[in-house]
Amino acid sequence: MELCLLEKYREFLPVTSQTPIITIGEANTPLVRSHTLEHELACGELYFKLEGCNPTGSFKDRGMVVAVAKAVEEKNTAIICASTGNTSASAAAYGALCNLKVFVVVPKGNIAMGKLAQAMAYGAKILAIDDNFDKALEFVRIITQKHPIALVNSLNPYRIEGQKTASFEIVDVLGAAPDYLFIPVGNAGNITAYWRGFTHYKQAGRVEDTPMMMGFEAEGAAAIVKDTIIGNPQTVASAIRIGNPASWIGATTARDESGGTIDYVSDDEIINAYHLLARKEGIFGEPASAASLAGLIKLHNNGYDFSNKRLVCIITGSGLKDPDTAINNAVPPIELPADLNILEKEILKD
Ligand SMILES: *Cc1c(COP(=O)(O)O)cnc(C)c1O
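A brief report on the enclosed structure follows.

### Topic: helix H13 (residues 290-301)
Next, step 1: When the terminal C-alpha atoms of H13 are compared, their 16 Å separation across 12 residues agrees well with the 16 Å that a helix rising 1.5 Å per residue should span.
Next, step 2: Where burial is concerned, most of H13 is hidden: 10 out of the 12 residues are buried.
Next, step 3: By the burial criterion, the buried members of H13 are Ala290, Ala291, Ser292, Leu293, Ala294, Gly295, Leu296, Ile297, Lys298 and Leu299.
Next, step 4: Looking one or two residues past H13, glycine 303 carries a phi angle of roughly 100°, positive in sign.

### Some thoughts on the sheet that holds strand E8 (residues 212-218)
Next, step 1: The strand order across the open sheet built from 6 strands is E1-E2-E10-E7-E8-E9, with neighbouring strands paired in mixed fashion. In the strand order of this sheet, the two ends are held by strand E1 (31-33) and strand E9 (261-265), each with one partner. The average undirected angle you get between the axes of adjacent strands in this sheet is 25°.
Next, step 2: Examined bridge by bridge, strand E2 (residues 45-50) and strand E10 (residues 310-315) share 6 bridges and lie parallel to one another. Note that in E10 the partner of tyrosine 47 across the bridge is valine 312.
Next, step 3: Of the strands in this sheet, E8 and E9 touch helix H11 (residues 248-258), which is tilted by about 120° from E9.

### Considerations on the packing of helix H8 (residues 165-174) against helix H9 (residues 189-203)
Next, step 1: Axis separation between H8 and H9 bottoms out at 7 Å; the angle between their running directions is 50°. Here H8 lies oblique to H9, going by the angle between them. For the pair H8 and H9, the sense of crossing is right-handed. Taken together, the residues of H9 that come into contact with H8 (itself represented by Ala166, Ser167, Phe168, Ile170, Val171 and Asp172) are Ala193, Tyr194, Gly197, Phe198 and Tyr201.
Next, step 2: For the contact of H8 with H9, the per-class residue count stands at 8 nonpolar, 2 polar and 1 charged.

### Points about the packing of aromatic side chains
Next, step 1: Within this structure, the stated rule accounts for 10 aromatic pairs.
Next, step 2: Arranged with centres 4.8 Å apart and planes meeting at 50°, the rings of phenylalanine 12 and phenylalanine 168 form a pair that is tilted. Linking phenylalanine 12 in the loop between helix H1 (5-8) and E1 with phenylalanine 168 in helix H8, this pair joins segments that are 156 residues apart in sequence.
Next, step 3: A relative accessible area of 0% places phenylalanine 168 in the buried class.
Next, step 4: Ring-pair connections join several aromatic residues into one group, and the members of that group are Tyr180, Phe182, Phe216, Tyr304 and Phe306.
Next, step 5: Seen from the ring of tyrosine 264, lysine 226 lies directly overhead, with NZ or CZ sitting 5.3 Å from the centre.
Next, step 6: One residue, lysine 298, lies across the ring of tyrosine 264, its end atom 4.6 Å from the ring centre.

### Regarding the pairing of strand E5 (residues 125-129)
Next, step 1: Bridging between strand E4 (residues 101-107) and E5 involves 5 bridges; their strand directions are parallel. Bridging from a neighbouring strand, valine 104 pairs with isoleucine 126 of E5.
Next, step 2: As a crossover connection, the stretch from E4 through helix H5 (residues 113-121) into E5 is right-handed.

### What to know about the side chain of serine 247
Next, step 1: Mapping serine 247 onto the fold places it in the loop between helix H10 (223-226) and H11.
Next, step 2: Sequence-distant contacts of serine 247, that is, excluding residues within four places in its chain, are made with Ile160, Asn187, Ala188, Gly189 and Thr192.

### A few points about the packing of helix H4 (residues 86-97) against H5
Next, step 1: H5 packs onto H4 with a crossing angle of 20° between their chain directions and a minimal axis gap of 8 Å. In terms of axis orientation, H4 runs roughly parallel to H5. As for how H4 packs across H5, the hand of that crossing is left-handed. Here Asn86, Ser88, Ala89 and Ala92 of H4 lie close against H5, whose contacting residues are Lys115, Gln118 and Ala119.

Calculation notes
Residues numbered from 1 in each chain as written. Predicted model: local features only at pLDDT ≥ 70, side-chain atom pairs only at ≥ 80, totals over all residues. Heavy atoms only, no water. Helix = DSSP H or I, 4+ residues; strand = E, 2+ residues; numbered from the N terminus. Expected span 1.5 Å × (residues − 1). Buried < 20%, exposed > 50% of the residue type's maximum accessible area, 1.4 Å probe, protein only. Pairing = 2+ DSSP bridges. Axes fitted to C-alpha atoms, helices over the stretch in contact; angles between N-to-C directions. Contact = heavy atoms within 4.5 Å. Parallel < 35°, antiparallel > 145°, perpendicular 65-115°, else oblique. Left-handed = near helix turned anticlockwise from the far one by under 90°. Nonpolar A, V, L, I, M, F, W, Y, C, P; charged D, E, K, R; others polar. Phe/Tyr/Trp six-rings, centres within 6.5 Å; stacked < 30°, edge-to-face > 60°. Lys NZ or Arg CZ within 6 Å of the ring centre and 35° of its normal. Right-handed = clockwise from strand over helix to strand, strands pointing away.

This is how it looks when you write it as structure tokens:
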């Protein structure tokens, strides 16, 4: 049997003899080679890391399994997070596994339907506030300072520790670090985690090089690029609709130490990449996930030369998370009477 995340990378994680080894099948996600876009974008080699294949459909499970195992080890009976959706789905799942009380604080009316459905199904107590993610995070930070409830946002250092295992998997599969890693940036925990993963692997002698870290915010939420807090962040990509990233310094450190960049992509660029990914590669990621590919396309159009280079784009979450965006940006179904001739005619039109 495959080892679970907590076992496989135990030596790189804060796992002790007291840590419960829990799993619902997180990590060990596919790294697939591009079929079409690699050629169209003139890349040497282009791969997609499919983090939507995690048990709750996003990379958040990698960090959450460690954060919840440590919360249990430290005798907590309740966990809380602020969330744009995926953190709450993941916290609710691992909390249910460990019989913890789970509180999730989300921006009211601003969370994708699939994510809300998950948190509800797993039985979390969902508190929808009339403000944005940044306010929700501010509130849960205060509450966890006052009460014995474990905070499982990426401010929790165990989250970052778990998420860094994705870098290990990339190196283990490719046998080396890629030249470039493209990744969406919201609260900036994930870019921080990947960079830590690559550098820890290098320190341990498991890999010689580290990639250039290419992070992409959404244009309407580009706090790091614009070097200012965005009071009212706006983007179709709800998972990166964050105006004051908690791991800001982690992101700029990853950028500067790796010789990479943090840039932004517009909603049109995100939706275009989202469609290309689905229609040219058969990969349905949620809109925020497509910011990595949108960033690659932007740099390609600006004249970057990626020939002879090996690139990885992180596809952070499943497209099923956000059915509304999928439906609102596509051709609706053609409704027909139950008539074979009419159906046949419609099919032969194409
Ligand atoms: C959380 C999330 C992001 C952003 O990751 P950060 O660590 O907040 O930068 C991007 N895409 C998806 C699908 C997410 O769930």
